[in-house]
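Secondary and tertiary structure notes
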Amino acid sequence: MPKTVGNGSGGVNNPARAAGYSSQTVNIDLHQHWELGGVEIPGRLVLAPMAGVSVQAFRRQGRRYGAGLVCSEMVSVAGIQHKNERTLGYLRVSRDEHPLAIQIFGSDPGAMAEAARAVEAAGADLVDMNFGCPVRKVTKTGAGASLLDDPGLACRLVAAVAEATSLPVSVKMRRGVENGSRTCLAVGPQLVEAGASSLTLHPRSAKQMYTGTADHSLTAELVALVDVPVIASGDITSRARAESVLAMTGAAAVMVGRAAQGNPWALRQIMGDDSEPTREEVVAELLLFMRETVRELGEHRASGFLKKFYGWYLGRGRFPRPFKQELVQLPTLDEVEQRLLAAAPGARFVLERLLDEVPDPSDEILLDSLPISIYGGG
Ligand SMILES: Cc1cc2nc3c(=O)[nH]c(=O)nc-3n(C[C@H](O)[C@H](O)[C@H](O)COP(=O)(O)O)c2cc1C
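Quick summary incoming for the structure in this document. Keep in mind the model is a prediction, meaning the values are calculated, not measured. Note that residues are indexed from 1 along each chain, following the sequence as it is written. Confidence filtering applies because this is a predicted model: local features only for residues at pLDDT of at least 70, side-chain atom pairs given and counted only at 80 or more, and all residues used for totals across whole chains, interfaces and linings.

Here's the deal with the overall build of the protein
Cut-off, in case you're wondering: Here a helix means four or more residues in a row that DSSP labels H or I, a strand means two or more in a row labelled E, and each is numbered from the N terminus. Exposed residues have 12 or fewer other C-beta atoms within 10 Å of their own C-beta, buried residues have 20 or more, and residues in between are partly exposed; the C-beta atoms are placed from the backbone. Once C-beta atoms have been placed from the backbone, residue pairs whose C-beta atoms lie within 7 Å are recorded as contacts.
If you tally the helices and strands in the protein, you get 17 helices and 10 strands. Relative to its full complement of 378 residues, the protein shows a buried share of 51%. Of all intrachain contacts in the protein linking residues separated by at least 6 positions in sequence, the fraction that spans at least 24 positions is 71%.

Printed below as a string of structure tokens:
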């Protein structure tokens, strides 16, 4: 296996490795700042990119609850190239999201380079490349996880993006395509050689989708092979798990995905605050999320998009199960809001406080050279 030359920050970014991997000797501080290709990341918790979830409202909330870095969902480079309005809407960046990565996917180096320039123009801090998506619609185009089986093309894509932008480039990948694959250990160092400033590993195979468990012994092996920061993704659901994965792997940071869906308090808990939210806090965060999503996607798209979030917010024993069913069936978001406020009247005051605290997103950086999505909603 080749030993690669990285950005020289491995010692700083991998404190567990510097200390010899032992969880006994490593003092894990999730608030520790670290650097990704020159971008300072204020904390070792990263919010995962999730298609159909990681809208701006989700990312801004993630930053408020302790994520040091947030990431957009995967954005199609073909959509950017064709100036598809919905795709361009994904490139809207709000000031309170930084540091923010925008993730792109595709399989054509020219289109990837063009998309990277659009990501930079949009105001992102990092360009992330998706080499992990297991969904057939994506892999059959040669993109996502299928790139792990074509390291030559994968490296050309990284090189094209690194050449096209002055932003640091990161890659997010799976362990490989087939179950039990160790391809990430062969490909990862080559991607660094090609210009990646960081690697995120979700150590499940593409075939596994989300079944089984993430095997972070592979993450530890990858950390030992590259001199760039590695982010560990998969099954991080608590502070104890975050600390043990950081200690065991020497990763620079952990990434949290599903545990944060409708549950920003998981991020707060991982960062050290164990307090459970009250019903009023839960409803107020959901109401804020709904309003921001309407602003971002428009009322029509938001009302479909939001349905899955009701269960995510109100589950976990917070509200009786039929309440979610009731909300999903209400015809307008206004009625959902009224019903939520009737169930937790005190949420009105928590929401007012949140609206005072959360900055007005109208100072977004708008794209000068590209049309703004009509779905942006203002
Ligand atoms: C609904 C959903 C959508 C996802 N979309 C993306 C995506 O757009 N890009 C990506 O790199 N990973 C995506 N992922 C994978 C997550 O980023 C993460 O690696 C995975 O869920 C494992 O982490 P977790 O156990 O914390 O959820 C998605 C996962 C889920 C559940």
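Here we look at the environment of L201
Looking at where L201 falls in the secondary structure, it is placed in strand β8 (residues 198-205). Residue class for L201 comes out buried when judged on the 31 C-beta atoms lying within 10 Å of it. On a C-alpha basis, the gap between L201 and L222 in space is 8.5 Å, while along the polypeptide they are 21 residues apart. Excluding its chain neighbours within four sequence positions, the residues that come into contact with L201 are M173, C184, L218, T219, L222, V230, A232 and S233.

Focus: the site of the ligand
We apply this condition: Contact assignment follows one rule, namely that a residue is near a molecule or strand if its backbone-placed C-beta atom lies within 6 Å of it. Only Asp, Glu, Lys and Arg are considered charged in this grouping, and only Ala, Val, Leu, Ile, Met, Phe, Trp, Tyr, Cys and Pro are considered nonpolar; every other residue, Gly among them, is considered polar.
Every one of the 22 residues lining the ligand counts as a neighbour, but A48, M50, M74, G257 and R258 are closest to it. Here the residues of the shell around the ligand sort into 10 nonpolar, 8 polar and 4 charged.

Considerations on the pairing of strand β7 (residues 169-176)
Side-chain positions along a regular strand alternate between the two faces of the sheet. Here is the rule: Two strands qualify as a pair provided DSSP detects at least 2 bridges between them. Whether a crossover is right-handed comes down to one check: with the strands pointing away from the viewer, does the path from the first strand over the helix to the second run clockwise; if it does, it is right-handed.
Of all 8 residues in β7, 8 are buried; the element is thus mostly enclosed. With 5 bridges joining them, strand β6 (residues 126-131) and β7 adopt parallel strand pairing. Along β7, the bridge assignment pairs N130 with K172. Two strands pair when backbone bridges link them, and β7 and β8 are joined in this way by 6 bridges, in the parallel orientation. Among the inter-strand pairings, K172 is bridged to a residue of β8, identified as T200. One crossover worth recording links β7 to the parallel β8 by way of helix α9 (residues 183-194), and it is right-handed.

Let's talk about helix α17 (residues 347-357)
Put simply, the rule reads: Note that the arc is defined by the directions from the helix axis to the C-beta atoms.
For α17, the set of buried residues is A347, V350 and L351. Mapping the buried residues of α17 onto a view down its axis gives an arc of 100°, with all of them on the same face. Opposite the buried face of α17, by more than 90 degrees, sit the exposed residues F349, E352, R353 and D356. The elements touched by buried residues of α17 are α13 (279-297) and α16 (333-343).

What to know about the sheet that holds β8
This is how it is decided: The angle between two axes is taken between their N-to-C directions and runs from 0 to 180 degrees, where each axis is a line fitted to C-alpha atoms and a helix contributes only its stretch in contact.
If you trace the 8 strands from one edge of the open sheet to the other, you get β3-β10-β9-β8-β7-β6-β5-β4, paired in parallel fashion. The open sheet is flanked by β3 (45-47) and β4 (70-76), the only strands paired with a single partner. The average angle at which neighbouring strand axes cross in this sheet is 30°, direction not considered. Against the sheet, helix α3 (residues 56-64) contacts β3, β4 and β5 (100-105), and its axis sits at roughly 160° relative to β4.

Concerning the nonpolar core
General note: in soluble globular proteins, nonpolar side chains tend to be found buried as a group. What counts, and what does not: A set of buried Ala, Val, Leu, Ile, Met, Phe, Trp, Tyr and Cys residues, joined to one another through C-beta atoms within 7 Å, is what we call a nonpolar core.
Counting 88 residues, the largest nonpolar core has I104, V127, V158, V161, L199, V254 and V256 as its most contacted members. Discounting chain neighbours no more than four positions away, the residues touching I104 are V75, V77, M112, A115, A116, V119, V127, M129 and N130. Membership of the second largest hydrophobic core comes to 28 residues, among which are A57, V294, Y313 and A347.

Notes on the packing of helix α10 (residues 216-225) against helix α11 (residues 239-249)
Selection criterion: Under this scheme an angle from 65 to 115 degrees is roughly perpendicular, one under 35 degrees roughly parallel, and one over 145 degrees roughly antiparallel; angles in between are oblique.
At a closest axis distance of 8 Å, the pairing of α10 and α11 adopts a crossing angle of 40°. Overall, the two elements α10 and α11 adopt an arrangement that is oblique. Between α10 and α11, the contacting residues are H216, T219, A220 and V223 on the first element and V245, M248 and T249 on the second. Among the residues making up the contact of α10 with α11, the classes are represented as 4 nonpolar, 3 polar and no charged.

Things to note about the packing of α13 against α16
Operational definition: Crossing handedness is defined as follows: a turn of the near helix away from the far one that is anticlockwise and smaller than a right angle gives a left-handed crossing, while the clockwise case is right-handed.
The N-to-C vectors of α13 and α16 enclose an angle of 165°; their axes lie 10 Å apart at closest approach. By the criterion of interaxial angle, the relationship of α13 to α16 is roughly antiparallel. Note that α13 runs across α16; the crossing there is left-handed. Facing V283, L286, L287, M290 and V294 of α13, the residues of α16 in contact are L333, E337, L340 and A343. In terms of residue class, the contact of α13 with α16 is made up of 8 nonpolar, no polar and 1 charged.

Notes on unusual backbone geometry
Cis geometry marks the peptide bond from H98 to P99, where omega comes out at -5°. With phi around 55°, M209 is a residue other than glycine that occupies positive phi space. Here M209 shows up in the loop between β8 and α10. Residues other than glycine seldom take positive phi values, yet R316 does so here, at roughly 55°.

As for helix α14 (residues 299-314)
Under the convention used in this document: In this scheme, a helix's expected span is set at 1.5 Å multiplied by one less than its residue total. Take the seven residues that end at a residue and the seven that start at it, fit an axis to each, and the angle between those axes is the bend at that residue.
For α14, which comprises 16 residues, the first-to-last C-alpha distance of 21 Å matches the rise-based estimate of 22 Å (1.5 Å per residue) to within 8%. Residue L306 marks the point of greatest curvature in α14, where the axis turns by about 35°. Buried residues of α14: A302, L306, F309, Y310, Y313 and L314, and no others. On its buried face, α14 sits against α13, α15 (321-329) and α16. Just downstream of α14 lies R316, where phi reads positive at about 55°.

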